[in-house]
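Residues per chain, in single letters:
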Amino acid sequence: VWPGLIGNTLVFAAALFPLLLLPGVIIRVRRARNCRCIACGYDLAGLERCPECGVEVGRAAAGASAG
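Everything quoted here is computed from the prediction, not taken from an experiment.

Draft legend 1. Up close: the overall build of the protein chain. A tally of regular secondary structure across the protein chain gives two helices and zero strands. Of all 67 residues assigned to the protein chain, the portion counted as buried reaches 12%. As displayed, the protein chain offers around 5200 Å² of accessible surface, 64% of which is attributable to carbon and sulfur atoms.

Draft legend 2. Expanded view of the pattern of salt bridges. According to the stated counting rule, one finds one salt bridge in the structure shown. Between Arg-49 and Glu-56 there is a salt bridge, with the nearest N and O atoms lying 3.1 Å from each other. Residue classification places Arg-49 among the partly exposed residues on the basis of a relative accessible area of 45%. According to the relative accessible area criterion, Glu-56 is partly exposed, its value standing at 36%.

Draft legend 3. The arrangement of the environment of Cys-37 in detail. Relative to the helices and strands, Cys-37 is located in the loop between helix H1 (2–33) and helix H2 (57–66). When sequence neighbours within four positions are dropped, the list of residues in contact with Cys-37 reads Arg-31, Tyr-42, Leu-44, Cys-50, Cys-53 and Val-55.

Draft legend 4. Structural view of the state of the cysteines. The final tally for this structure, using the stated rule, is zero disulfides. Cys-53 takes part in no disulfide bond, and the closest cysteine sulfur, belonging to Cys-37, lies 3.5 Å away.

Draft legend 5. The environment of Cys-53, seen in detail. Mapped onto the fold, Cys-53 is located in the loop between H1 and H2. For Cys-53, a relative accessible area of 38% gives the class partly exposed. Along the backbone, Cys-53 and Cys-37 are 16 residues apart, and their C-alpha atoms lie at a distance of 8.7 Å.

Draft legend 6. Representation of unusual backbone geometry. Positive phi, normally seen in glycine, also occurs at Cys-35, with a value near 55°. One can find Cys-35 in the loop between H1 and H2.

Reading the values: the criteria
- Residues numbered from 1 in each chain as written.
- Predicted model: local features only at pLDDT ≥ 70, side-chain atom pairs only at ≥ 80, totals over all residues.
- Heavy atoms only, no water.
- Helix = DSSP H or I, 4+ residues; strand = E, 2+ residues; numbered from the N terminus.
- Buried < 20%, exposed > 50% of the residue type's maximum accessible area, 1.4 Å probe, protein only.
- Areas by Shrake-Rupley, 256 points an atom, 1.4 Å probe, with all protein chains shown as cover.
- Salt bridge = Lys/Arg side-chain N within 4 Å of Asp/Glu carboxyl O.
- Contact = heavy atoms within 4.5 Å.
- Disulfide = S-S within 2.5 Å.

These results come straight from atomic positions and should not be treated as a statement about function.
Shown next, in the form of structure tokens:
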């Protein structure tokens, strides 16, 4: 019984894990495309660093393309 329980848990966890991460990825990509901070959503037009949370614009763009 235990090997089946562990196997089922791993299979269902592997199937649900991407579904839990998907909303965050979509939010970060949308914010990066709209020139907003990927961490907090503040408008970064013409700024080098987010005044709300301190994330650098270069790091924000790199984080969005990696995720």
